[in-house]
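So you can see what is in the structure, the chains are spelled out below.
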Amino acid sequence: MHLPDLNVAKDRKKSENKYINLEENYSKVFQNKKYFLRTYGCQMNVHDSEAIRSYLETLGLTNTENLEEANVVVLNTCAIRENARDKVMGFLGKCKYLKKNRDDFKIVLLGCMAEQPDVIDDIQKNHQYIDIVIGTHNLYDLPKLLLQEFNKQQIEVYSNSDEIIEGMNYTRDSKITAWVNIMYGCDKFCTYCIVPYTRGRERSRKLESIIAEVKDLKKNGYKEVTLLGQNVNAYGKDIGETFSHLLECVAKTGIERVRFVTSHPWNFTDEMIDVIAKYDNIMPYIHLPLQSGSDNILKKMNRRYTKKEYLELFNKMKERIPGVAITTDIIVGFPNESDADFEETLDVVRTCKYDGAYTFIFSPREGTPAAKMEDKIPMRVKEERLHKLNELVNYYSNQNNQKLLNKVVEVLILGDSEKDASKVYGYTDTMKLVNVEGPKSIIGKIVKVKITDAKSFSLDGEYLEEKVAN
Ligand code: 5AD
Ligand code: SF4
């Protein structure tokens, strides 16, 4: 049994990265058994779940979408806001009920929630029906723990984080577009954020390993890779590399589309902007979290930039990268955010006219500095601010989308449209969702599409022709 510890998680002492090669060959001992996997949270979790699927399938388990016929239920959890936790707790209630009449029903909770000591405390006291709990640093323990015989709850959560895992197998969700981890963890310690505790120290994968993975994906027909990190522009600091160099090397593999998430406005260098502008296969789309437009709040958030610096960077990106689309994250209701502070945020939104924004009400996370800050702002005010902000954000994303009406854009077609099964869907180079009228045979291809309708969150279009290779 290993329990999480926020003091250990906070520690940034440098030690050697440990590389783990997952070469063990587990036999298919779970013949005729099924797993149900549910993923909460960010792209990092979505990609971790692709590794988890691979572990489960190596053991012989097969996927089911029907919870009732599952033998192993795995919840890959998120800790970023309280509502993520509430959703997991609600779903666990259902699992607990199902488990009552079953003796071959194992419940596994893993991911970010497992790294929170208060969650583990609650699980030990009130949720003994959960069989296995695993943290973010040792997901690879899942097969071992599932194979062990035990009659009490197993909790294996490590808070120290110097490992880099190589040799991972993934059961990828798509055959067209793939996630590629370039780094793990975050060292920024924004005062509201739990990620530096749940995901640990910033550590970069070797450039050669990343390039080898991208080349392999390309060889296997993948059209697009998204480089993943909590803070991609901090890539390489620990190994004498830079994100701009990595990005250039990835572009040079010749894979058709390269994306990356998430960028931090602090330390987003001119070199990075130049590389994005230079290569046609690096998509002109940047997610650039603002969080707040008020210098006072930015300082309390420990964001390391001012409103002016953010806007300078934003303008530079717009000037140097032709047609770039920029989206953002914004938090309202940070402790004691005043009306004037909030107005500053609205002012930045009006100036930047974002292509899109994810907006949140501040959610105190136990163990983070902001959770201890005094806050006199009532929830009603925070909700009003969120509403007002959303109206503004939607207005601009709609306006930006309207500009595409009747234009011809390139879309990578990913599959059947969720809205209308007779259509297909895909994304423009600027990451706009398009539902396309066209033959199913264009799935997996980059095609030219004429935009026929534009809404706040998606576009409609008609297939014209395949992109001509240059
Ligand atoms: N409360 C609300 N939103 C948060 N985020 C991170 N931590 C919190 C929190 N405690 C938001 C930030 C971040 C996004 C992934 O989630 O906007 O960029
Ligand atoms: Fe959290 Fe800030 Fe790190 Fe993003 S940069 S993961 S908001 S601490």
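Everything quoted here is computed from the prediction, not taken from an experiment.

**Student:** Would you explain the overall build of the protein chain in this entry?
**Tutor:** When helices and strands are counted, the protein chain shows 13 helices and 21 strands. Here the protein chain has a C-alpha radius of gyration of 23 Å; the compact-globule value for 470 residues is 23 Å, and the two agree. When burial is assessed residue by residue, the protein chain has 55% of its 470 residues classed as buried. Across the protein chain, every contact between residues at least 6 apart in sequence was considered, and the portion connecting residues at least 24 apart equals 74%.

**Student:** What should I look at first to understand helix 3 (residues 82-99) in this one?
**Tutor:** Because each turn of an α-helix spans 3.6 residues, side chains separated by three or four positions end up pointing in the same direction. Its 18 residues give helix 3 an end-to-end C-alpha distance of 26 Å, which sits within 8% of 26 Å, the value for a rise of 1.5 Å per residue. Every buried residue of helix 3 is accounted for by Ala84, Arg85, Val88, Phe91, Leu92, Cys95, Leu98 and Lys99. What you see down the axis of helix 3 is that its buried residues fit within an arc of 130°, all on one side. Buried-residue contacts for helix 3 involve strand 2 (34-39), strand 4 (72-77), strand 5 (106-111) and helix 4 (117-126).

**Student:** Would you mind going over the site of ligand 2 with me for this structure?
**Tutor:** With respect to spatial proximity, the complete set of residues near ligand 2 consists of Cys186, Lys188, Phe189, Cys190, Tyr192, Cys193, Val195, Pro196, Gln230, Asn231, His264 and Arg303. By residue class, the composition of the shell around ligand 2 is 7 nonpolar, 3 polar and 2 charged.

**Student:** Please clarify how the packing of helix 7 (residues 207-219) against helix 8 (residues 243-252) should be interpreted in this entry.
**Tutor:** Angle between the axes and distance between the axes are the two parameters that describe a pair of packed helices. Across the interface, helix 7 lies against helix 8 with an axial gap of 10 Å and an inter-helix angle of 25°. The angle between helix 7 and helix 8 falls in the class roughly parallel. Crossing of helix 7 over helix 8 shows right-handed handedness. Facing helix 7, whose interface residues are Leu207, Ile210, Ile211 and Val214, helix 8 presents His245, Leu246, Cys249 and Val250. Per-class residue counts for the contact of helix 7 with helix 8 are 7 nonpolar, 1 polar and no charged.

**Student:** Help me out: how do you make sense of the pairing of strand 18 (residues 424-428) in this one?
**Tutor:** The pairing of strand 17 (residues 408-416) with strand 18 spans 5 bridges and is classified as antiparallel. Bridge pairing in strand 18 places aspartate 416 opposite valine 424. Across 4 bridges, the pairing between strand 18 and strand 19 (residues 433-437) is antiparallel. Paired with tyrosine 427 across the strands is leucine 433, a residue of strand 19.

**Student:** Any chance you could explain helix 13 (residues 379-402) here in plain terms?
**Tutor:** A rise of 1.5 Å per residue sets the reference length of helix 13, with its 24 residues, at 34 Å; its end C-alpha atoms lie 34 Å apart and thus fit the reference within 8%. Buried residues in helix 13 make contact with strand 15 (325-332), helix 12 (339-352), strand 16 (356-361), strand 20 (446-454) and strand 21 (459-466).

**Student:** Any chance you could explain the environment of threonine 368 here in plain terms?
**Tutor:** On the secondary structure map, threonine 368 appears in the loop between strand 16 and helix 13. Linking threonine 368 and glutamate 213, residues 155 residues apart in sequence, is a C-alpha distance of 35 Å. In this structure threonine 368 touches Thr191, Tyr192, Cys193, Ile194 and Tyr197, once residues within four positions along its chain are discounted. Separated by 2.6 Å, the side chain of threonine 368 and the backbone oxygen of arginine 365 make a polar contact.

Cut-offs used in this document
Residues numbered from 1 in each chain as written. Chains lettered and ligands numbered in written order. Predicted model: local features only at pLDDT ≥ 70, side-chain atom pairs only at ≥ 80, totals over all residues. Heavy atoms only, no water. Helix = DSSP H or I, 4+ residues; strand = E, 2+ residues; numbered from the N terminus. Rg over C-alpha atoms; globule rule 2.2 N^0.38 Å. Buried < 20%, exposed > 50% of the residue type's maximum accessible area, 1.4 Å probe, protein only. Contact = heavy atoms within 4.5 Å. Expected span 1.5 Å × (residues − 1). Arc of directions from axis to C-beta. Near = heavy atom within 4 Å. Nonpolar A, V, L, I, M, F, W, Y, C, P; charged D, E, K, R; others polar. Axes fitted to C-alpha atoms, helices over the stretch in contact; angles between N-to-C directions. Parallel < 35°, antiparallel > 145°, perpendicular 65-115°, else oblique. Left-handed = near helix turned anticlockwise from the far one by under 90°. Pairing = 2+ DSSP bridges. Polar contact = N/O pair within 3.5 Å; in protein donor to acceptor, adjacent residues only side chain to side chain.

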